[in-house]
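Each chain, written out:
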Amino acid sequence: MEINSELNDILMAAFNEAKQRNHEYLTPEHIVYASLYFNSGEEIIKGSGGDIENLKKKIEQFFTDKIPQVSNDSEPIQSVSFKNVMERAIWH
């Protein structure tokens, strides 16, 4: 699958965010969170009437409450839901 450079940057940012936070899993929420720091993601949320800063805070709270943490030397594992999102994106 060939993806454009911005999507690749968002996916890498999502992975790096999960790794930096020592999260056990890489989830779709990491993708959404990372996309909020890119123009295209910001435009989509704002264009839909969303509040970027509020969404960031809610996702950060989700990370704190719901994503297990592991030791610093492990890499995040793709969650089933992450794999499903990627598979559906490929089909589209």
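Below you will find a few notes about this structure.

Cut-offs used in this document
Residues numbered from 1 in each chain as written. Predicted model: local features only at pLDDT ≥ 70, side-chain atom pairs only at ≥ 80, totals over all residues. Heavy atoms only, no water. Phe/Tyr/Trp six-rings, centres within 6.5 Å; stacked < 30°, edge-to-face > 60°. Buried < 20%, exposed > 50% of the residue type's maximum accessible area, 1.4 Å probe, protein only. Lys NZ or Arg CZ within 6 Å of the ring centre and 35° of its normal. Core = buried A, V, L, I, M, F, W, Y, C linked by side-chain atoms within 4.5 Å. Helix = DSSP H or I, 4+ residues; strand = E, 2+ residues; numbered from the N terminus. Contact = heavy atoms within 4.5 Å. Salt bridge = Lys/Arg side-chain N within 4 Å of Asp/Glu carboxyl O. Axes fitted to C-alpha atoms, helices over the stretch in contact; angles between N-to-C directions. Parallel < 35°, antiparallel > 145°, perpendicular 65-115°, else oblique. Left-handed = near helix turned anticlockwise from the far one by under 90°. Nonpolar A, V, L, I, M, F, W, Y, C, P; charged D, E, K, R; others polar. Expected span 1.5 Å × (residues − 1). Polar contact = N/O pair within 3.5 Å; in protein donor to acceptor, adjacent residues only side chain to side chain.

### Considering the packing of aromatic side chains
One pass over the full model with this rule turns up 3 aromatic pairs. The interplanar angle of 65° and the centroid separation of 5.5 Å between the aromatic rings of tyrosine 33 and tyrosine 37 together place this pair among those described as edge-to-face. Judged by relative accessible area, which is 4%, tyrosine 33 ranks as buried. The class for tyrosine 37 is partly exposed, based on a relative accessible area of 48%. Measuring from ring centre to ring centre gives 6.4 Å for phenylalanine 62 and phenylalanine 63, while their planes differ by 55°; the resulting arrangement is tilted. Each member of the aromatic cluster is reached from another via a ring pair, and the members are Tyr33, Tyr37, Phe62 and Phe63. If you follow arginine 21 out to its NZ or CZ, it ends over the ring of tyrosine 33, 5.5 Å from the centre. In this structure, lysine 56 packs its charged tip against the face of tyrosine 37, placed 3.9 Å from the ring centre.

### Topic: the nonpolar core
The biggest cluster of nonpolar side chains holds 8 residues, and these are Ile10, Leu11, Ala14, Ala18, Leu26, Ile31, Ala34 and Phe82. Mapped onto this core, the elements with two or more residues apiece are helix H1 (5–20) and helix H2 (28–35). For this core, the element with the most residues is H1, which contributes 4 residues. Look past the residues within four positions of alanine 34 in its chain and what remains in contact with it is Ile10, Ala13 and Ala14. Core analysis: the second largest hydrophobic core is formed by 6 residues, Leu36, Ile52, Ile59 and Phe63 among them.

### Things to note about the pattern of salt bridges
Following the criterion strictly, the structure yields 4 salt bridges and no others. As a salt-bridge pair, arginine 21 and glutamate 17 come within 2.5 Å of each other at their nearest N and O atoms. When its relative accessible area of 18% is taken as the criterion, glutamate 17 is described as buried.

### Regarding the packing of H2 against helix H4 (residues 52–66)
For the pair H2 and H4, the least separation of the axes is 10 Å and the interaxial angle reads 150°. Between H2 and H4, the interaxial angle falls into the category roughly antiparallel. H4 is crossed by H2, and the crossing has left-handed handedness. On the side of H2, the interface is formed by Glu29, His30, Val32 and Tyr33, while H4 contributes Leu55, Lys56, Ile59, Glu60, Phe62 and Phe63. Classifying every residue of the contact of H2 with H4 by side-chain character gives 6 nonpolar, 1 polar and 3 charged.

### Examining H4
The terminal C-alpha atoms of H4 lie 21 Å apart, and with 15 residues this matches the ideal 21 Å at 1.5 Å per residue to within 8%. Its side-chain oxygen 3.2 Å from the backbone nitrogen of glutamate 53, aspartate 51 forms the N-cap of H4.

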